[in-house]
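# Summary of structural features
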Amino acid sequence: MASEISNYGPNSKRRVARPPAWVYLALLLILLWAFGLRMYQLNTRPFWGDEAVTGSLAHAGLATVLRTTAPLNFLRQLGKDLGGELVLGWGYQLPLPLLVSLTTLIGPQDMLVRLPAFMAGILAIAVAYVLGKRVFNTPVGLLLAFLLASSSFQIIYSQEARYYSLMFFLSALSAYLLWRALAENRALFWISFVLLSIVNVWNHLFAIFFLAPMALYAGLVLAQRLLARLRLDMARGQHRALPPRHATARSRLLHWQQIAWVALRRAPLLYLGTAISVLALLLLTSEVALPVVRAATGTSATQSISTGFTAGAEAAGAEEVGLHGFSLSLPSLVQLAALFGGGEGWRVVLYLALAGLGVIYTVAARRWQVGAFFGLWLAIPLLMVSLVRSE
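This text gives an overview of the structure that appears in the document. (Residues numbered from 1 in each chain as written. Predicted model: local features only at pLDDT ≥ 70, side-chain atom pairs only at ≥ 80, totals over all residues. Heavy atoms only, no water.)

## Thoughts on the nonpolar core
It is characteristic of soluble globular proteins that their nonpolar side chains tend to be buried jointly. Membership of the largest hydrophobic core comes to 55 residues, with the highest contact counts inside it found for Ile125, Phe169, Leu178, Leu182, Phe193 and Tyr217. Sorting the residues of this core by element identifies helix H2 (21–39), helix H7 (110–135), helix H8 (138–150), helix H10 (164–184), helix H11 (187–203), helix H12 (208–235) and helix H18 (368–389) as the ones contributing at least two each. If one sorts the elements of this core by residue count, H10 sits on top with 12 residues. Residues contacting Ile125, with those up to four places away along its chain left out, are Ile30, Leu31, Ala34, Arg38, Ala145, Leu148 and Ala149. Ala58, Trp90, Leu94 and Ala161 belong to the second largest nonpolar core, which has 11 residues in total. (Core = buried A, V, L, I, M, F, W, Y, C linked by side-chain atoms within 4.5 Å. Buried < 20%, exposed > 50% of the residue type's maximum accessible area, 1.4 Å probe, protein only. Helix = DSSP H or I, 4+ residues; strand = E, 2+ residues; numbered from the N terminus. Contact = heavy atoms within 4.5 Å.)

And the structure:
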């Protein structure tokens, strides 16, 4: 376990060697492949309902976008002072309308309304490469980039003026920054992780499904380090001997408080950075999250969420590939792999086979922290969706 942590886990500070020229060429070809797939009919396919709403708000101007979707009160007031109008039916989801409003300044083409989602889809592939390379190695990074570039699910949402392509890009980049922050404990990575996570929640509240596993993983890693440091200190005899059996409960409590205090004082600033990060996330996203949480805890919350899923699938014309009645059963997981991967038939078999090989490699190499990192990222959203869709 110790060797795994020092060589592979987020404790590692090993230098990553500069890849050879063929790696850059392969990555360029993958990005060109993704660019071509996502450019197909980007400017000719008609808008569907929600896309038209996004474009309509963006064309109303930057002031209207701020007054309608800004998650902070002073930004909404700024939009009002600039003459922006309040458009009903929107939540505090600023980043995408803001980006679209900037791109539509160039012209009225449909492609420009979809350009932020398109660029987010392309950039997500580059992030997938660097994440796979750092966590595993260069071939895995290239394979991950190619699979993401060929994913029909990613292609579809990279061509729609909606939040989801940007949400995935920000989530993948946040995962990379968190991995680097835990490995190197540099303020740059912690601050970048916090800021991107805040923007991600401002973009769409469903980003919590990505952030919650990352926060849980970071907590587990930090707890493991703190316990290891505590055991080391006790083994070196740096603390007083255990209190005798006849000691009072108060003296025992004070003894363990002293041990915990010394351990915390000796702990790196990593823990302070984590606490500040969590506090900043809670404060700056509370105005977005609290109204939704209050609505979700109502008596009709489950029925409303289920109705929203069904309506969304019908609006997108995805009845044949929707996740109606989704559960954690094998058929549902295969259906999910077909939807998120390259499609049905041999393509879903290929995706599942590669996923299985990844699991086997992770277990065989005893890279438990890597398995926990990606396992939590998959398990928590799947569990939440299964709970909602099973109602």
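## Thoughts on the environment of Met167
Looking at the element boundaries, Met167 is found in helix H10. When its relative accessible area of 9% is taken as the criterion, Met167 is described as buried. Considered as a pair, Met167 and Phe206 are 39 residues apart in the sequence and their alpha carbons are 8.4 Å apart. Once residues within four sequence positions are removed from consideration, Met167 is found in contact with Asn200, Asn203, His204, Phe206, Ala207 and Phe210.

## Quick notes on the packing of aromatic side chains
One pass over the full model with this rule turns up 8 aromatic pairs. Ring geometry for Phe206 versus Phe209: centroids 5.6 Å apart, planes at 45°, classification tilted. Residue class for Phe209 comes out partly exposed when judged on its relative accessible area of 27%. Both rings, one in Tyr217 and one in Phe373, keep their centres 5.0 Å apart while their planes meet at 70°; by these two values the pair is edge-to-face. Taken together, the residues Tyr217 in helix H12 and Phe373 in helix H18 connect sequence positions 156 residues apart. Joined through ring pairs, the aromatic side chains of Phe153, Tyr157, Tyr163 and Tyr164 make up one cluster. (Phe/Tyr/Trp six-rings, centres within 6.5 Å; stacked < 30°, edge-to-face > 60°.)

## Some thoughts on unusual backbone geometry
In this structure, Gln41 takes a positive phi of about 60° despite not being glycine. If you trace the backbone, Gln41 turns up in the loop between H2 and helix H3 (49–59).

## Some thoughts on the environment of Asp81
By the element assignment, Asp81 lies in helix H5 (residues 73–81). Separated by 14 residues in the primary sequence, Asp81 and Arg67 place their C-alpha atoms 9.0 Å from one another.

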